[in-house]
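# A look at the structure
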Amino acid sequence: MHKYHCLNPIAAVGLDLFSDDYQKVEDIKDAEAVLVRSAAMHDLELPEGLAAVARAGAGVNNIPLDKCAEKGIVVFNTPGANANGVKELVFAGMLYASRDIVGGIDWCLANQNDENIAKTAEKQKKNFAGTEISGKKLGVIGLGAIGVLVANAATHMGMEVYGYDPYISVSAAWSLSRSVKHISNVEDIYRECDYITIHVPLLDSTRKMIGADAIAMMKPTAIVLNFARDLLVDEEAMVDALAAGKIKKYVSDFPNTTTVGAKGCIVTPHLGASTAESEDNCALMAVREIRDYLENGNIVHSVNFPDCSMGACMTAGRIGILHKNESGMLSHFTTILGNAGINIDGMANKSRGDYAYALIDVDTNVPEDVLAKLEQTDGVLKVRKVK
Ligand SMILES: NC(=O)C1=CN([C@@H]2O[C@H](COP(=O)(O)OP(=O)(O)OC[C@H]3O[C@@H](n4cnc5c(N)ncnc54)[C@H](O)[C@@H]3O)[C@@H](O)[C@H]2O)C=CC1
Ligand SMILES: O=C(O)C(=O)COP(=O)(O)O
């Protein structure tokens, strides 16, 4: 019986994919797999039996990836599964920032008891007027699952779209509209765009990527949208620039004490992926990833180990070895198995940065003492007997 724990509520359509061989447990200590959305895992004690964490979503800054890797815990995310949900909210943000829609709604509510509200509104509406997005320049920083959808949709809204992503994947590049202008210096976006939207992961290299210098380059009419993570932007500098009228609006999906209530800030409560469709897509993908790993040893969409897949096991046994990406590891494994008289029928070994994974199909059951020898090999993080 495989046991899983949910650190956040996960859509039922996904959990329903678990077969009768799976049991949901209330205590993470008992879990072999964890499903999570935005719950912070950095300070959590990770149980010895934990084999996999699946983030039902994109951002993994809430998960200690290296600590997990060192303990042989494979972390997955669900690339693209909530991208459309975020894209749609980005357009809502652009439109909310273009006219004072929030101020207009507030005005209506404040005047709800005015019998003449219809007439008064006609006089007041000029206070909430703004501009259109059609014909404006949009800069998209980060052209992954979300950035590509935003950029492509913006071209259909009549926007002139600038795209910046020095690490763009081949598949994202194929998906990107030909109308999107390729920008190789992000400063061109800061200087020229009317709307700037950021869609990069939060990493050490991207923290405060939009800093005071970048903000100083922007037009006084610029609208910045942040549906990625608040720490990507120097929000103190942003709030100062807004107060001084140096830029027009900052739209963020990440409420905090710096931005909520500050002049020019429109903040939503992390709603980007909060749609039925995104939640279902993420849950389905996360559960499939966990099942494929626990049942077949396959790694697909991991963020701390390499992807490595050999389909379903058709031989007598299969083992998965999570190990450091160091020289000589494979010869240790083959020697240990060979000395035990175990023939290798098939094998895949993939690496990613400091970590690697070997998936080995064998023609006989692998006994406990052989598994122990593999586990004791220097550089081995975890050995899993899949079959
Ligand atoms: N508001 C919300 O509810 C949601 C927020 N997010 C956030 O959005 C981020 C992006 O999500 P996806 O598009 O699905 O991820 P993704 O991994 O598909 O795309 C990220 C893109 O950023 C690019 N990138 C990395 N460093 C860069 C840099 N320095 N400059 C320019 N580009 C850079 C990568 O090459 C990649 O193409 C997530 O990491 C997460 O933090 C994601 C989903 C929901
Ligand atoms: O997928 C992401 O990166 C998100 O930010 C969505 O977070 P959530 O699953 O809504 O807590």
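Not measured: the values here are computed from a predicted model. (Residues numbered from 1 in each chain as written. Chains lettered and ligands numbered in written order. Predicted model: local features only at pLDDT ≥ 70, side-chain atom pairs only at ≥ 80, totals over all residues. Heavy atoms only, no water.)

## Details of helix α4 (residues 101–110)
Given 3.6 residues per turn, any residue in an α-helix points the same way as the ones three and four places further on. Listing the buried residues of α4 in full gives G103, G104 and W107. The buried residues of α4 all sit within an arc of 100° when viewed along its axis, so they share a single face. Where the residues of α4 are buried, they touch α5 (117–124). (Buried < 20%, exposed > 50% of the residue type's maximum accessible area, 1.4 Å probe, protein only. Helix = DSSP H or I, 4+ residues; strand = E, 2+ residues; numbered from the N terminus. Arc of directions from axis to C-beta. Contact = heavy atoms within 4.5 Å.)

## Considering the pairing of strand β11 (residues 249–252)
The alternating pattern of β11 places K249 and V251 on one face and Y250 and S252 on the opposite face, and all of these are buried. When strand β10 (residues 223–226) meets β11, the two strands line up parallel, connected through 4 bridges. Across the sheet, V224 pairs through a bridge with Y250, a residue of β11. In terms of handedness, the path from β10 via helix α10 (residues 235–243) over to β11 forms a crossover that is right-handed. Examined bridge by bridge, β11 and strand β12 (residues 265–267) share 3 bridges and lie parallel to one another. Paired with Y250 across the strands is C265, a residue of β12. (Pairing = 2+ DSSP bridges. Right-handed = clockwise from strand over helix to strand, strands pointing away.)

## Digging into the pattern of salt bridges
What the rule picks out here adds up to 10 salt bridges. Put simply, K324 and E70 hold a salt bridge, and the shortest N to O gap is 3.8 Å. With a gap of 254 residues between them, K324 in strand β13 (residues 317–324) and E70 in helix α2 (residues 65–70) connect regions that are remote in the sequence. A residue is classified by how much of its surface remains accessible, and E70, at 39% relative accessible area, is partly exposed. (Salt bridge = Lys/Arg side-chain N within 4 Å of Asp/Glu carboxyl O.)

## Points about a nonpolar patch on the surface
A grouping of Y96, V102, I105 and L109 is seen on the molecular surface, where their side chains present a nonpolar patch of about 330 Å² in accessible area. A per-element tally of the nonpolar patch places α4 first, with 3 residues. Mapped onto the secondary structure, Y96 falls in helix α3 (residues 83–98). Accessibility expressed as a relative area gives 34% for Y96, which makes it partly exposed. (Patch = residues over 30% accessible without salt bridge, like charges linked within 9 Å, V, L, I, M, F, W, Y side chains within 5 Å. Areas by Shrake-Rupley, 256 points an atom, 1.4 Å probe, with all protein chains shown as cover.)

## Section: the site of ligand 1
Near ligand 1, the surroundings consist of 26 residues, among which A145, I146, D165, F227 and D253 are the closest. The backbone of A228 places a nitrogen or oxygen atom 3.2 Å from an oxygen atom of ligand 1. Residue G272 places a main-chain N or O atom 3.5 Å away from an oxygen atom belonging to ligand 1. Look at ligand 1: alone it shows 860 Å² of surface, and the protein chains cover 86% of it. (Near = heavy atom within 4 Å. Polar contact = N/O pair within 3.5 Å; in protein donor to acceptor, adjacent residues only side chain to side chain.)

## Remarks on the packing of α3 against helix α6 (residues 145–156)
Where α3 contacts α6, the two axes come as close as 9 Å, and the packing angle between them is 50°. On the basis of the axis angle, α3 is oblique to α6. For α3 against α6, the interelement crossing comes out right-handed. For the pair formed by α3 and α6, the contact residues are A83, N84, V86, K87, V90, F91 and M94 on the first element and A145, I146, L149, V150, A153 and A154 on the second. Tallied by class, the residues present in the contact of α3 with α6 amount to 11 nonpolar, 1 polar and 1 charged. (Axes fitted to C-alpha atoms, helices over the stretch in contact; angles between N-to-C directions. Parallel < 35°, antiparallel > 145°, perpendicular 65-115°, else oblique. Left-handed = near helix turned anticlockwise from the far one by under 90°. Nonpolar A, V, L, I, M, F, W, Y, C, P; charged D, E, K, R; others polar.)

## Notes on unusual backbone geometry
Notably, H270 is not glycine yet its phi reads approximately 50°, a positive angle. With respect to the helices, strands and loops of the structure, H270 is situated in the loop between β12 and α11 (276–296). For H301, which is not glycine, the phi dihedral falls at a positive 70°. Checked against the element boundaries, H301 lands in the loop between α11 and β13. A relative accessible area of 28% means that H301 is categorised as partly exposed.

## A short note on the sheet that holds strand β15 (residues 355–362)
Here 4 strands make up an open sheet; going across it, the order is β14-β15-β13-β16 and the pairing antiparallel. This sheet does not close on itself; its edge strands, each paired only once, are β14 (344–352) and β16 (380–385). Mean inter-strand twist for the sheet, computed between neighbouring axes without regard to direction, equals 15°. Of the pairings in the sheet, the one linking β13 to β15 comprises 8 bridges and is antiparallel in character. Within the sheet, the bridge partner assigned to H323 lies in β15 and is A356. Contacts from helix α13 (residues 368–376) reach β13 and β16, with the element oriented near 155° to β16.

## Considerations on the domain arrangement of the protein
According to the domain assignment, the protein consists of domain 1 (1–82 + 277–304), domain 2 (84–94 + 134–267) and domain 3 (306–387). Taken over C-alpha atoms, the centre of domain 2 sits 44 Å from the centre of domain 3. (Domains from an automatic or database assignment.)

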